[in-house]
Amino acid sequence: MSLLNTLRFYYRLGGIPLIFKRVFDTATKNDDTLYQFFSKVGEERYPTIVKEMYKSSTGKEINLNHPVSFNDKISWQKIYDKDPMRTRLTDKVLVREWIKEKIGEEYLVPILGIWDSFDDIDFDSLPDRFVLKANHGSTWNTVVRDKKNLNIKEAKQKFDFWMKRNYAYINLEMQYERIEPKIMAETYIEQMDGGLFDYKFHCFGGYPKLIEVIGDRIPATHQFKSVVVKPDWTRNEGLSLVTGEQYDSLPVKPENWEKMLSIAKVLSEGFPYVRVDLYNINGKILFGEMTFTPCNGMDPTDEYFTYAELIDLTRCIR
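(A) Layout of the sheet that holds strand E7 (residues 223-229). An order of E8-E7-E6-E5-E9-E10 is seen for the 6 strands of this open sheet, with the pairing classed as mixed. Among the strands making up the open sheet, the edge pair consists of strand E8 (245-246) and strand E10 (284-291). When strand E9 (residues 273-281) meets E10, the two strands line up antiparallel, connected through 7 bridges. Across the sheet, Ile 281 pairs through a bridge with Lys 284, a residue of E10.

Structure representation (structure tokens):
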């Protein structure tokens, strides 16, 4: 974004005071301008802010008054849908009990501990490999592949920073607002270094319609391959929802694919839209997460458009 467009963006959000705040933050190398603004502004301003953020990010207009496209409806939900289940299932700690109730504890990645602060973690009690996660944000995690190489000081700085942040005020994904911050450690999945396949079930009204299959990861370079399939495991031609190299031919379908579809359907029941992420490790299905606002409702291609009509916003709680 050019300097002129940046100034225009801040002016439309908060006028001259916000521009001066941004200039000051830039001079002092403080990148908290929008976060502080979002945390203090009244929610009656949220629609205007979401519209400006969307236009700034995609160059397009978003329709919150009469949502039609996928991005329209996801953006509408993130500020208007008050269903408390969205918060419970976004919380990486609380969702575990719900998964246990719905499909069984055997589908959960084993947990090694839950703490209120980084200083409470007893690293001596943890195995050589594990994954640390903040329960109240997205991508707030650290994969530890060899404990003796973990820089405790750097990890503490990251988690101390995250624990003081409310993820809702980064992009106004309000399902995060009331999550009580925790740090959790999960068992390291051995296939995480390349052989792990991630299956993202896009569910509309309780029915999985699109599934992103992501695999062949190269962690060092953040490369991977992907393909979008239909429930019958045929390629959804012309639809590419994620970056990364596309598979020339379809990966092998899991033998218990129908069971995975059944789980996605059970977990998505009752929600206008949710993405259910699952893993399949040598036939063992594991739950990943529930995502209500993929790409923050700002997918630059909005390629889900033809499926948007399946999202019934009248089922939302306001």
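(B) Representation of the sheet that holds strand E4 (residues 183-187) within the structure. Taking strand neighbours across the sheet as the criterion, the 4 strands line up as E1-E4-E2-E3 in an open arrangement whose pairing is antiparallel. Strand pairing shows two members of the sheet lacking a second neighbour, strand E1 (111-115) and strand E3 (141-144), which therefore form its edges. For this sheet, the mean angle separating the axes of adjacent strands, direction not counted, is 15 degrees. By the bridge criterion, 4 bridges tie strand E2 (residues 130-134) to E3 in an arrangement that is antiparallel. Residue pairing in the sheet places Phe 130 in a bridge with Val 144 of E3. With respect to the sheet, helix H7 (residues 152-163) is in contact with E2, E3 and E4, its orientation differing from that of E3 by roughly 155 degrees.

(C) Focus on the pattern of salt bridges. In total, this model carries 14 salt bridges according to the counting rule given. Across the pair Asp 116 and Lys 182 runs a salt bridge whose closest N-O atoms are separated by 2.4 Å. Of this pair, Asp 116 sits in the loop between E1 and E2 while Lys 182 is found in the loop between helix H8 (168-171) and E4, placing the two residues 66 residues apart along the sequence. A relative accessible area of 48% means that Asp 116 is categorised as partly exposed. With its nearest N and O atoms 3.0 Å apart, the salt bridge here joins Glu 186 to Lys 133.

Rules of the game
Residues numbered from 1 in each chain as written. Predicted model: local features only at pLDDT ≥ 70, side-chain atom pairs only at ≥ 80, totals over all residues. Heavy atoms only, no water. Pairing = 2+ DSSP bridges. Helix = DSSP H or I, 4+ residues; strand = E, 2+ residues; numbered from the N terminus. Axes fitted to C-alpha atoms, helices over the stretch in contact; angles between N-to-C directions. Contact = heavy atoms within 4.5 Å. Salt bridge = Lys/Arg side-chain N within 4 Å of Asp/Glu carboxyl O. Buried < 20%, exposed > 50% of the residue type's maximum accessible area, 1.4 Å probe, protein only.

Just distances and angles here, no functional claims.
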